[in-house]
Amino acid sequence: MSDPFFAVNSVQAGYGDVRVLWDISVSIQRGEIGCIVGSNGAGKTTLLNTISGLVKPTAGSIKLDGVELANAPSDVVLGAGIAHVPEGRRLFKGLSVEDNLMLGAYLRDDLQDIRNDLAFVYDLFPILKERSRQDAVTMSGGEQQMCAIGRGIMSRPRLLMIDELSLGLAPRLVDRLSEALLEINKTGLTILLVEQDVMTAFEIADHAFVIETGRVSMSGTTEDLGADPRIRESYMGI
Ligand SMILES: Nc1ncnc2c1ncn2[C@@H]1O[C@H](COP(=O)(O)OP(=O)(O)OP(=O)(O)O)[C@@H](O)[C@H]1O
Ligand SMILES: [Mg+2]
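The structure reproduced in this document is the subject of the present report. (Residues numbered from 1 in each chain as written. Chains lettered and ligands numbered in written order. Predicted model: local features only at pLDDT ≥ 70, side-chain atom pairs only at ≥ 80, totals over all residues.)

### Section: the overall build of the protein chain
When helices and strands are counted, the protein chain shows ten helices and ten strands. Over its C-alpha trace the protein chain gives a radius of gyration of 17 Å, about what one expects of a compact globule, namely 18 Å for 238 residues. Along the first, second and third principal axes, the C-alpha atoms of the protein chain reach 45 × 45 × 35 Å. For the protein chain, contacts bridging at least 24 residues in sequence account for 67% of all contacts bridging at least 6. (Helix = DSSP H or I, 4+ residues; strand = E, 2+ residues; numbered from the N terminus. Rg over C-alpha atoms; globule rule 2.2 N^0.38 Å. Contact = placed C-beta atoms within 7 Å.)

Set out below in structure tokens:
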């Protein structure tokens, strides 16, 4: 098999003297959706923060399309094309929905493509077009999640990472967002999803990695893992 498009290999990371990630390896093929599941405090957010360079790994490798990102200079990490939709969305207060979306494109100068991408985001989430002038943080949680994902798309990433897609959202909205992610994925974009709701994650993703106390305890196709009694009992409550 060819090298995976995205690969985290034997990564260790933490905060000060406290190690959180122990020898984590995760990989995603080009154009696939990978998901990371695991309980509170397992290290999911720390892993995404390590991938996007916010937390420095103390060992291991993080490669996107063959380019090493672990401890690489910030211009290399920025230029690699990883969009990170953080836990809690973190939109900019006092800025409109459209301004928040356009912030995603701040490193780009291909104006026509930026316009096309904005049209794509508005097609995907028509409510954002209706609310384009509204202060982004005054929108509902679901609308803010759409805006945060839209902002990620506006950077034209090669890897889109989303931390807790469904957190705090009603099931109907989660379905809507899941459909949108599948639409986005159809454009060829590789996605890494972190999700506490294992059912939701497994419906969307091709491969899954289960993290327990900073280690990958199980991995495989979502089809295989979804049928595994250990996963069904521990994470799906069935
Ligand atoms: N900035 C920080 N400084 C020190 N410790 C931290 C920091 N951020 C996270 N941790 C610790 O790292 C561990 C993993 O946290 P992390 O946020 O990565 O987990 P998570 O899997 O994303 O959890 P959740 O499902 O609650 O979002 C926890 O023990 C947490 O207390
Ligand atoms: Mg988290």
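On we go from here.
### Concerning the sheet that holds strand S3 (residues 33-37)
Ordered by their spatial adjacency, six strands build an open sheet running S6-S7-S8-S3-S9-S10, and the pairing between neighbours is mixed. Edge strands, defined here as strands with exactly one partner in the open sheet, are strand S6 (82-85) and strand S10 (215-221). Taking the axes of each pair of neighbouring strands and ignoring which way they run, one obtains an average angle of 15 degrees across the sheet. Direction of pairing for S3 relative to strand S9 (residues 207-212): parallel, over a ladder of four bridges. Considered in S9, the bridge of Gly 34 is made with His 207. Most of the contacts of helix H1 (residues 44-51) go to strand S7 (residues 159-163), to which it runs at about 150 degrees, and overall it touches S3, S6, S7, strand S8 (190-194) and S9. Seen against the sheet, helix H6 (residues 141-153) touches S6 and S7 and runs at an angle of roughly 170 degrees to S6. (Pairing = 2+ DSSP bridges. Axes fitted to C-alpha atoms, helices over the stretch in contact; angles between N-to-C directions.)

### Considering the environment of Gln 12
Relative to the helices and strands, Gln 12 resides in strand S1 (residues 6-15). Residues Gln 12 and Lys 44, spaced 32 residues apart in sequence, show a C-alpha to C-alpha distance of 13 Å. Excluding residues within four positions of it along the chain, Gln 12 makes contact with Arg 19, Leu 21, Trp 22, Asp 23, Pro 57, Thr 58, Ala 59 and Gly 60.

### Describing unusual backbone geometry
One non-glycine residue, Asp 23, lies in the positive phi region at around 55 degrees. Along the chain, Asp 23 turns up in strand S2 (residues 18-28). One non-glycine residue, Asp 65, lies in positive phi territory at about 50 degrees. Summarising the element assignment, Asp 65 is placed in the loop between strand S4 (59-64) and strand S5 (67-68).

### Side note on the site of ligand 1
Ligand 1 sits among 13 residues. The nearest are Tyr 15, Asn 40, Lys 44, Thr 45 and Thr 46. Of all the secondary-structure elements, those providing two or more residues to the shell around ligand 1 are S2 and H1. Sort the elements by how many residues they give to the shell around ligand 1 and H1 lands first, with three residues. Per-class residue counts for the shell around ligand 1 are four nonpolar, seven polar and two charged. (Near = placed C-beta within 6 Å. Nonpolar A, V, L, I, M, F, W, Y, C, P; charged D, E, K, R; others polar.)

### Here's the deal with the sheet that holds S2
Within the open sheet, the four strands sit side by side as S2-S1-S4-S5. Their pairing is antiparallel. Since the sheet does not close on itself, it has two edges, and those belong to S2 and S5, each with one partner. Summarising the sheet, S1 and S2 pair through seven bridges and their orientation is antiparallel. Its bridge partner being in S2, Phe 6 is matched across the sheet by Ile 28. H1 rests against S1, S2 and S4 of the sheet, and its axis sits at about 70 degrees to S2.

By themselves, these are just geometric observations and shouldn't be taken as functional.
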